[in-house]
Amino acid sequence: MRIAVGISGASGTVYGQRLVQRLVEAGVEVVLTASPTLAQLVPAELGGTFDPLAPDLDAFLGADVAARVSYRRPDDVGADVASGSFRLDGVVICPASTGFLGRVSVGASTNLLERMCEVALKEGRKLILVPRETPLSEIALNAMLVLARAGAVILPASPGFYHRPASIDDLVDFVVQKILDRLGVDVDLVRRWS
Ligand SMILES: Cc1cc2nc3c(=O)[nH]c(=O)nc-3n(C[C@H](O)[C@H](O)[C@H](O)COP(=O)(O)O)c2cc1C
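On a predicted model such as this, the values are computed, not experimentally measured, just so you know.

*Asks:* Residue-level account of the packing of aromatic side chains, with values.
*Replies:* Aromatic ring pairs are defined here through the distance separating the ring centres and the angle between the ring planes. Taken as a whole, this structure holds three aromatic pairs when the rule is applied. Judged by centre distance (5.0 Å) and plane angle (65°), the rings of F50 and F60 are edge-to-face. Of this pair, F50 sits in the loop between α2 (38–45) and α3 (57–61) while F60 sits in helix α3; the two residues are ten residues apart in sequence, bridging distant segments of the chain. A relative accessible area of 6% means that F60 is categorised as buried. Taken together, a centroid distance of 5.6 Å and an interplanar angle of 80° make the contact between Y162 and F174 edge-to-face. Linking Y162 in the loop between β6 (153–154) and α8 (168–183) with F174 in helix α8, this pair joins segments that are twelve residues apart in sequence.

*Asks:* I'd like a description of the site of the ligand, backed by residues and values.
*Replies:* Close to the ligand lie 14 residues, the nearest being S8, G9, S35, T37 and S97. In the model, an oxygen atom of the ligand is placed 3.0 Å from a nitrogen or oxygen of the S11 main chain. A distance of 2.7 Å separates an oxygen atom of the ligand from a polar backbone atom of T98. Protein coverage of the free-state accessible area of the ligand, which is 640 Å², stands at 69%. Contributions of two or more residues to the shell around the ligand are made by α2 and α5 (98–105).

*Asks:* Outline the nonpolar core, supporting the account with residue identities and numerical values.
*Replies:* Core analysis: the biggest nonpolar cluster contains 36 residues, and L23, L32 and I179 have the highest contact counts within it. Per-element accounting of this core gives the leading share, six residues, to α8. Ignoring sequence-local partners within four residues, the contact set of L32 consists of V5, I7, V20, L57, L61, V69, S70, Y71 and R72. One finds A79, L112, A120 and L127 within the second-largest nonpolar core, a separate group that totals 25 residues.

Cut-off values and rules
Residue numbers run consecutively from 1 along every chain, following the written order of its sequence. Predicted model: local features are reported for residues with pLDDT of at least 70 only, side-chain atom pairs are reported and counted for 80 or more only, and whole-chain, interface and lining totals are derived from all residues. Calculation of side-chain values draws on the structure's entire complement of heavy atoms; hydrogens and water are dropped beforehand. Two rings from Phe, Tyr or Trp (for Trp, the six-membered ring) form a pair when their centres sit within 6.5 Å of each other. Planes less than 30 degrees apart are called stacked, planes more than 60 degrees apart edge-to-face, and all others tilted. Only DSSP runs of H or I with at least four residues qualify as helices, and only runs of E with at least two residues qualify as strands; both kinds are numbered from the N terminus onward. To sort residues, take the accessible area from a 1.4 Å probe on protein chains only and compare it with the maximum for the residue type: under 20% means buried, over 50% means exposed, and anything in between is partly exposed. Nearness is defined per residue: one heavy atom within 4 Å of the molecule or strand is enough. Side-chain atoms alone can form a polar contact between residues adjacent in sequence; in general such a contact is a pair of N or O atoms within 3.5 Å, and within protein one must be able to donate a hydrogen while the other accepts it. All accessibility values rest on the Shrake-Rupley procedure with a 1.4 Å probe; residue burial counts only the protein chains present in the view. As used here, the term nonpolar core means buried Ala, Val, Leu, Ile, Met, Phe, Trp, Tyr and Cys residues forming a set that is joined through side-chain atoms within 4.5 Å. Contact criterion: two residues are considered in contact whenever any of their non-hydrogen atoms come within 4.5 Å of each other.

Take a look at the structure:
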C-alpha cells in the first residue's frame, strides 16, 4: 500500500507526525509533504525546527521511520504524487487548515498538497481530510460539505474518551486509529469498544 500524507498548517502537527510513524510501522509506503506554515508550527508545538523545503526527517520522525519515508517539497507541483498516473492508494491531509480546505473546495490549488487532493478527487481515490479548528464558520462548514460531496472523507481531529485516555499520546492515537481504519490499515492502537 502506498499513501501520500500532507501536513497542512493547522494546529495538531503531532497528528500528522504520529500518522506517518504508525503507517511506516505497519509496512505502508509513505510519500510525505508539508505546508510552508510548518516552519512556524513545529517550533511552536513540538519544539525544534522544520524547514518544509528540506526538513530534518530524522528529528521529526525518528531515524528508523525517516529512513523509510520519501519527502516531496510543497512547491514541487511536478512531483510524482501530483500526477493522476502515479499509483497511490490514498491521500491524507493531517491536520488540514480551514484555509487549505477552502482552497481545495474551489479547485484553487497553489501547492503540492492541494494538487494531491485535486488529483485524488478527479481520480476517485480515497481522500481523507483532518480539520482541526473550532468553532467552525459557515464558510469552513460549506467547504467541508463541498469536499464531502466531491468524495472526500472529513475526519475531524476530535478524539473520543471512551477508551479512557491516560495521556496525550492516547488522544492522538484515537484520531490516528480512525484514519488507519478508513485507509484499511489493520492496526489496533487503542482499545476498541466491545
Ligand atoms: C501557530 C499557528 C496555529 C494555527 N492553527 C490553526 C488551526 O488550528 N486551524 C486552522 O485552520 N488554521 C490554523 N492556523 C492558520 C493557518 O496556518 C493559515 O491559515 C495558513 O495560511 C493555512 O495554509 P496551509 O494549511 O496551506 O499552511 C494556524 C497558524 C499558526 C501560525
